[in-house]
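Close look at the chain arrangement
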There are 2 protein chains.
Amino acid sequence: IDQKNENEAKAMIEDLHAADIADILDELNTEEAVYIFLLLDGDTGADVLAEIEEDDRRRFIKVLPIEVIAKKFIDHMDSDDAADLIGGLSDEKQEEILSHIDDIETAGDIVDLLHYAEDTAGGLMGKELVIVNENWTVLTCLRELSRQAEDIDEIYYVYVVDDDNKLIGTLSLKKMILSPTSAKIINIYEPDVMSVHTDASDEEVSLIMEKYDLVALPVVDSIGRLMGRITIDDVVDVIRDEAEKDYQMASGISEDIEANDSIWLQTRARLPWLLIGLAGGILSAMVISTHESGLIATPAMAFFIPLITAMGGNVGVQSSAIIVQGLASNSLGFESTFSRLLRELGGACVNGITCSSLLFTYNYFFSDSYALTISVSAALLSVIIFASATGTLIPLMLNKIKIDPALATGPFITTLNDIIGLLIYLSIGAYFYGVF
Amino acid sequence: IDQKNENEAKAMIEDLHAADIADILDELNTEEAVYIFLLLDGDTGADVLAEIEEDDRRRFIKVLPIEVIAKKFIDHMDSDDAADLIGGLSDEKQEEILSHIDDIETAGDIVDLLHYAEDTAGGLMGKELVIVNENWTVLTCLRELSRQAEDIDEIYYVYVVDDDNKLIGTLSLKKMILSPTSAKIINIYEPDVMSVHTDASDEEVSLIMEKYDLVALPVVDSIGRLMGRITIDDVVDVIRDEAEKDYQMASGISEDIEANDSIWLQTRARLPWLLIGLAGGILSAMVISTHESGLIATPAMAFFIPLITAMGGNVGVQSSAIIVQGLASNSLGFESTFSRLLRELGGACVNGITCSSLLFTYNYFFSDSYALTISVSAALLSVIIFASATGTLIPLMLNKIKIDPALATGPFITTLNDIIGLLIYLSIGAYFYGVF
């Protein structure tokens, strides 16, 4: 690349898949990448542009001349990818690019798609559809198909609409091939078809496609007219993003960042959670300071502070992870909050009694304070049960008031359990040291 | 259902999708569920059986007569679902079911599939393929298609093989429909086809299908013969499971459990991690006890123990989550471990200095010990930097020696950082109290 040996570079990348080229471009600097870009033919260039990461895409778009973007790339893209690409630009740039697109139908499709929010079915869908009318014959269909399919890479479903463009069913290619050419569509189409409204959230779309094993899902407007289709490859990204997002939230990372992002981006995503932890730590310090005299009398109580806070944190994170994942995959079923809590507390008792007994045994042999041995074990059991309850209830409550339950996992629940765990521990300790 | 009102129940479930029926069955007891099962026709029953959760499936299979399973369900299932179903049974039961299947070809396909490990491409693939020979004409193809497609729900790709059954390309239905019937396949097929070996892991398969946006991926044996195909719906489950597994590991849950699983199953999955935390807590207690005299002299040092351990834990979990997700989605790129570590440490310095300064300010105004103020802030900065380094390096190292890096997240890294954080904190404290 450095020597700008055009033919060699061209030959090298010609055999690669667009996704592989995108990987290579991610590693290059802007100048080199743009150089490679201009070597690609339109179709491949469009695929590559759809595949590369968003930061890089924004970088390239800034450098490439607008007319080249419009003519060379947008024209060859699926309408949903094109809308995603243009959606990230300023209004003026959007208009400029759209004015350079020759095919007025394509430009219109993109403008339509720009109206929808990115995380709705409307924002995910593309306009590339093969549509047939219920009153056509198989022969008309085949003819229409070759016309409509010209711009479409792969046909998964053929959608059947009535005269008002309302979606009424699907037609399998298999059935069409196997039917006589004079057969009427109305007699061979499959009337059961699942569809979503343009306003449906991307999570809803992914749950439906996952549950019913669909590769494409038609999108309709509020009166049932067919507006577009969502393909599984777009939804796979949503599924991975959703699952990753929950994990990131649980780990105390507030934005969608990747291992290769810059220091500043990563810092911004992580610092807020660390500040919550810091505030919690200061609160904990205040809690402990109220028991200062007790600690001076029995410094051994301080030894088990990390044990109590760590166990409360671990149990809380476990409980909240189970609830958050259940909510995300929609697998919680119909069980009531109360019976779920009861079951969780049952498990907490088993784990709590096991851990407390082990700790009791350890202290029984290695500590000479009877009060300490009892306090620590009793506090551990209470903290485990309490942390299970908060870990279960808080995400369920947040979900009920429509706040993302993943917020309640990770640093937040750990910090809360730290403070309450300390309160429980120190109070129990003060009590038993008073008794013995 | 209770009154066994057959017609009403039948009418109710007839309109439902198999996935919805499966949801209902998950909530019923075995007797009721089996009763509903026997009402379903073969096709729907097979779909439902493929959709329900594994525990329930095992429960039903135990109760249903073997001949019914074979004739009514297996015969109507895709070969990969059938193999999954049978694979969970004992050897004798497997043979008994297979002996009841009339179609020897189906039975043979299932036996073939049983050879592959569940988490490989062979275990994911199904035998339902539409295959054409390169030397056929479009007309032969269409005729063959109607014969082969009889048992197949939906055709995504038509695979082209040579005379040795080696995969050489794909044929798009679109192209076939649009070509003259006398055209030879060899002239119209698409020779670029991505495939995986039967031994490829399910993670590899999901990464390939995700990266290249495929809805179906052909599987070949070691000499390139076409053995089967994997469809995206099976891979969507793998992707969700992978992402959920990493999150569960990070939360201290060792088996794949769901919110509805029994107390015992959940306890078994959670207890091992709690025991690690317990052992870590006892170790922490030992570490602190070595500084007992110091704590008696300056009990305020104990106040900040939770802050130091919590912050070390939070930072370690953040760093490891970024690495584990990067490894899982294969997006780490070519950056070396060293430069990645440097970047991580850069971010840690920013976050560490911010948090330490805030803590310093707080203690400057609210604490009367200068030694404490300096010790706590210095320790916090060191702990944050140290925790970033372990959080980054340990998962990368585990990955290099082929151990699941997700093991290093959650309780493990938290516990490790707790202990080392305490060591750092107490040593720094001892030093500064000696100085001032």
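Computed from a prediction, not measured in an experiment: that's the story for all the values here.

Let us look at a nonpolar patch on the surface. All names here are of chain A. On the surface, Phe360, Tyr364, Phe365, Phe366 and Tyr370 cluster together to form a nonpolar patch covering roughly 630 Å² of accessible area. Sort the elements by how many residues they give to the nonpolar patch and helix H20 (residues 337–366) lands first, with four residues. Here phenylalanine 365 is to be found in helix H20. By relative accessible area, which is 61% here, phenylalanine 365 ends up exposed.

This part covers the interface of chain A and chain B. With 115 residues of chain A in contact, the opposing surface of chain B contributes 114 residues. In terms of surface lost to chain B, no three residues of chain A exceed Arg240, Tyr247 and Phe303 of chain A, which account for 8% of the buried area on that side. On inspection of chain A and its partner chain B, the count reaches two salt bridges. Our count for the contact surface shared by chain A and chain B stands at eight residue pairs in polar contact (both at pLDDT 80 or more). The leading source of residues in the side of chain A that touches chain B is helix H16 (residues 263–289) of chain A, at 18 residues. The residue makeup of the side of chain A that touches chain B, split by class, is 62 nonpolar, 28 polar and 25 charged.

Before going further, it helps to spend a moment on the pairing of strand S3 (residues 167–171) of chain B. Along any regular strand the residues' side chains alternate between the sheet's two faces. Residues and elements named next belong to chain B. In terms of residue burial, S3 counts as a mostly covered element, since four of its five residues are buried. As defined by bridge partners, strand S2 (residues 158–161) adjoins S3 across four bridges and the pair is classed as antiparallel. Considered in S3, the bridge of tyrosine 159 is made with threonine 170. Connecting the antiparallel pair S2 and S3 is a turn made up of five residues, with asparagine 165 showing a positive phi of about 70°.

Moving on, we get to the confidence of the model for chain A. For chain A, mean pLDDT is 82; residues scoring 70 or higher make up 92% of the total. Per-element confidence in chain A ranges from a low mean pLDDT of 67 for helix H1 (residues 6–14) of chain A to a high of 92 for strand S4 (residues 196–197) of chain A.

In this section: the packing of helix H15 (residues 232–250) of chain A against helix H19 (residues 305–328) of chain B. One way to put it is that H15 of chain A packs onto H19 of chain B with a least axis distance of 11 Å and a crossing angle of 165°. If you check the angle between H15 of chain A and H19 of chain B, you find them roughly antiparallel. H15 of chain A and H19 of chain B meet at a crossing whose hand is right-handed. Touching Arg240, Glu244, Tyr247 and Gln248 of chain A of H15 of chain A are Ala321, Val324, Gln325 and Ala328 of chain B, all from H19 of chain B. Considering only residue class, the contact of H15 of chain A with H19 of chain B consists of four nonpolar, two polar and two charged.

Cut-offs and rules
- Residues numbered from 1 in each chain as written.
- Chains lettered and ligands numbered in written order.
- Predicted model: local features only at pLDDT ≥ 70, side-chain atom pairs only at ≥ 80, totals over all residues.
- Heavy atoms only, no water.
- Patch = residues over 30% accessible without salt bridge, like charges linked within 9 Å, V, L, I, M, F, W, Y side chains within 5 Å.
- Areas by Shrake-Rupley, 256 points an atom, 1.4 Å probe, with all protein chains shown as cover.
- Salt bridge = Lys/Arg side-chain N within 4 Å of Asp/Glu carboxyl O.
- Helix = DSSP H or I, 4+ residues; strand = E, 2+ residues; numbered from the N terminus.
- Buried < 20%, exposed > 50% of the residue type's maximum accessible area, 1.4 Å probe, protein only.
- Contact = heavy atoms within 4.5 Å.
- Buried area = accessible area lost by both parts, 1.4 Å probe.
- Polar contact = N/O pair within 3.5 Å; in protein donor to acceptor, adjacent residues only side chain to side chain.
- Nonpolar A, V, L, I, M, F, W, Y, C, P; charged D, E, K, R; others polar.
- Pairing = 2+ DSSP bridges.
- pLDDT = per-residue confidence, 0-100.
- Axes fitted to C-alpha atoms, helices over the stretch in contact; angles between N-to-C directions.
- Parallel < 35°, antiparallel > 145°, perpendicular 65-115°, else oblique.
- Left-handed = near helix turned anticlockwise from the far one by under 90°.

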